[in-house]
Amino acid sequence: MYRLVTLRNILTAALLTAMHQLATGSVHYLFSHGLADDAGQATRYLEPLDGEKSIRGSCPTIMEEPCMAFNYPDASLKVWRANLAQDGDIAALEHAYNQVLEQDPEADIILIGVSRGAATALGFLGTANPSRIRAVVLESPFDSVDMLITRQLDRLFANPSKGLANGLHKRLVPAILRGYRPDGPTPADAIPWIPTDLPILVVCSLKDGIVPVGSSIAVYHQLRETAHDNVHLLELDRGEHARIKRSSAEGKRYRNVVHAFFKSYDLPHHDSWAQKGLAAFAQTQPTRP
């Protein structure tokens, strides 16, 4: 059997096996991928927006190099090994974090997670005490699997029974995702233990068909209600799950607000993009309706 070699394969290998050497104490990006994906997902956040040329050569959009991307146990469609942001995923993220620090013990790390990777980031931040994390971008995180199921059923049906949600959570999900424990820790459990001064940007889309927007908004409000004053919420009108950046207008808004967020907390950013995102960023701390 021959393996198809593609640009994504090459970039993924580069991300997994090499990190550019910079001065000690430089900023590194740590990318936490979503379910049914792999480390190659990071390339989407290093590439320019569709139809838009880089403003300086091969300048990326959300992240820059050096970037550490890694595979969760379920990578490459081994979905049955998934544990959905529980202990195994948290351990994998902690291992990648430690790999960054092995290269540069004084690295300032920006953690970026998508979906399951974003939910795992919450668990990691609340349990591992990672002192070198300087900021976090969470795209489509969820507070717990059971509430994700409940919100998804509420969206699909007029009056879904609580028994249906309970059955899916306690029986069907662990039957498919063998690493998941219905009684195990949830991302929401970790939120009170996350450092309250850590800058966090939660990004979500009203059109997300996998993680209901309510799950991501719940993460934001739970952070706000536990004295996390540096948490922000960017709620976008369009963008498919794990593809928000590919929505032309919303992709630009996403990118610009991320750089305004970085600028606000004195992190590396592209000033032209940050300036364009400042007005939208100023609206990213809503209160509960």
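Predicted model only: the values in this text are computed from it and were never measured.

Here is what the cut-offs are and how they apply
- Residues numbered from 1 in each chain as written.
- Predicted model: local features only at pLDDT ≥ 70, side-chain atom pairs only at ≥ 80, totals over all residues.
- Heavy atoms only, no water.
- Helix = DSSP H or I, 4+ residues; strand = E, 2+ residues; numbered from the N terminus.
- Buried < 20%, exposed > 50% of the residue type's maximum accessible area, 1.4 Å probe, protein only.
- Contact = heavy atoms within 4.5 Å.
- Areas by Shrake-Rupley, 256 points an atom, 1.4 Å probe, with all protein chains shown as cover.
- Axes fitted to C-alpha atoms, helices over the stretch in contact; angles between N-to-C directions.
- Parallel < 35°, antiparallel > 145°, perpendicular 65-115°, else oblique.
- Left-handed = near helix turned anticlockwise from the far one by under 90°.
- pLDDT = per-residue confidence, 0-100.
- Expected span 1.5 Å × (residues − 1).
- Nonpolar A, V, L, I, M, F, W, Y, C, P; charged D, E, K, R; others polar.
- Polar contact = N/O pair within 3.5 Å; in protein donor to acceptor, adjacent residues only side chain to side chain.
- Core = buried A, V, L, I, M, F, W, Y, C linked by side-chain atoms within 4.5 Å.
- Pairing = 2+ DSSP bridges.
- Salt bridge = Lys/Arg side-chain N within 4 Å of Asp/Glu carboxyl O.

## Some details on the overall build of the protein chain
Then, number 1: From N to C terminus, the protein chain includes 10 helices and 6 strands.
Then, number 2: Expressed as a percentage of the 289 residues in the protein chain, the buried residues total 53%.
Then, number 3: A separation of at least 24 residues holds for 74% of the contacts in the protein chain among residues at least 6 apart in sequence.
Then, number 4: Counting only carbon and sulfur atoms, one obtains 54% of the accessible surface of the protein chain, whose full area is about 13,500 Å².

## Looking at the packing of helix α5 (residues 145–156) against helix α6 (residues 162–176)
Then, number 1: Between α5 and α6, the least distance of the axes is 9 Å, while the angle of their chain directions is 130°. Considering their axes alone, α5 and α6 lie oblique with respect to each other. In the packing of α5 onto α6, the handedness of the crossing is right-handed. Residue-level inspection shows Val-145, Asp-146, Ile-149, Thr-150 and Leu-153 of α5 in contact with α6, the latter providing Leu-164, Ala-165, Leu-168, His-169 and Val-173.

## With respect to the confidence of the model for the protein chain
Then, number 1: Per-residue confidence for the protein chain gives a mean pLDDT of 88, with 87% of residues at or over 70.
Then, number 2: Predicted confidence is poor over residues 1–24, with pLDDT under 50, and the contacts of this stretch with residues over four places away or in other chains come to 35 contacts.

## A word on helix α3 (residues 87–103)
Then, number 1: Over its 17 residues, α3 runs 25 Å from end to end, which matches the ideal 24 Å to within 8%, given 1.5 Å per residue.
Then, number 2: Among the residues of α3, those classed as buried are Asp-89, Ile-90, Ala-92, Leu-93, Ala-96, Tyr-97, Val-100 and Leu-101.

## Focus on the packing of α5 against helix α8 (residues 213–224)
Then, number 1: As a packed pair, α5 and α8 sit with axes 8 Å apart at the nearest point and diverge in direction by 135°. With respect to α8, the element α5 is oriented oblique. The residues of α8 that touch α5, namely those facing Met-147, Leu-148 and Arg-151, are Gly-214, Ser-215 and Ala-218.
Then, number 2: When its residues are assigned to classes, the contact of α5 with α8 shows 3 nonpolar, 2 polar and 1 charged.

## Things to note about the side chain of Ser-144
Then, number 1: Note that Ser-144 resides in the loop between β4 (133–139) and α5.
Then, number 2: A residue is classified by how much of its surface remains accessible, and Ser-144, at 6% relative accessible area, is buried.
Then, number 3: Reaching out from Ser-144, the side chain makes a polar contact with the side chain of Asp-146 at a distance of 2.5 Å.

## Some words on the nonpolar core
Then, number 1: Counting residues in each nonpolar core, the largest one holds 35 residues, and the members touching the most others are Leu-30, Leu-111, Ile-133 and Ile-200.
Then, number 2: Elements supplying a minimum of two residues to this core: α3, β3 (108–114), α4 (116–127), β4, β5 (200–205), α8 and β6 (231–236).
Then, number 3: Among the elements that make up this core, the one with the highest residue count is α3 (7 residues).
Then, number 4: Not counting residues within four places of it along the chain, the set of residues in contact with Leu-30 comprises Met-68, Phe-70, Leu-93, Ala-96, Tyr-97, Ile-109, Ile-110, Leu-111 and Ile-112.
Then, number 5: Tyr-29, Ile-110, Val-114 and Leu-201 belong to the second largest nonpolar core, which has 31 residues in total.

## Some words on the sheet that holds strand β1 (residues 27–32)
Then, number 1: Strand order in the open sheet formed by 6 strands is β2-β1-β3-β4-β5-β6, with parallel pairing between adjacent strands. Single-partner strands in this sheet number two, and they are β2 (67–69) and β6. Taken over all neighbouring pairs, the strand axes of this sheet differ in orientation by 15° on average, direction set aside.
Then, number 2: Those strands touched by α4 are β1, β3 and β4, and its axis lies near 135° from that of β3.
Then, number 3: Sheet strands touched by α8: β5 and β6. Its angle to β6, the strand with the most contacts, is close to 160°.

## Observations concerning the pattern of salt bridges
Then, number 1: Counted according to the given criterion, the structure contains 9 salt bridges.
Then, number 2: With its nearest N and O atoms 2.9 Å apart, the salt bridge here joins Asp-271 to Lys-263.
Then, number 3: On the basis of relative accessible area, Asp-271 is assigned to the partly exposed category, the value being 38%.

## Overview of the side chain of His-33
Then, number 1: Among the structural elements, His-33 can be located in the loop between β1 and α2 (43–46).
Then, number 2: Using a relative accessible area of 0% as the deciding quantity, one classes His-33 as buried.

## Structural notes on α8
Then, number 1: In this model, α8 (12 residues) spans 17 Å end to end at C-alpha, consistent with the 16 Å of a helix rising 1.5 Å per residue.
Then, number 2: Within α8, 9 of the 12 residues are buried, which leaves it mostly tucked inside the rest of the structure.
Then, number 3: Here α8 has its buried residues at Val-213, Ser-215, Ser-216, Ile-217, Ala-218, Val-219, Tyr-220, His-221 and Leu-223.
Then, number 4: In this fold, the buried residues of α8 make contact with α4, α5, β5 and β6.

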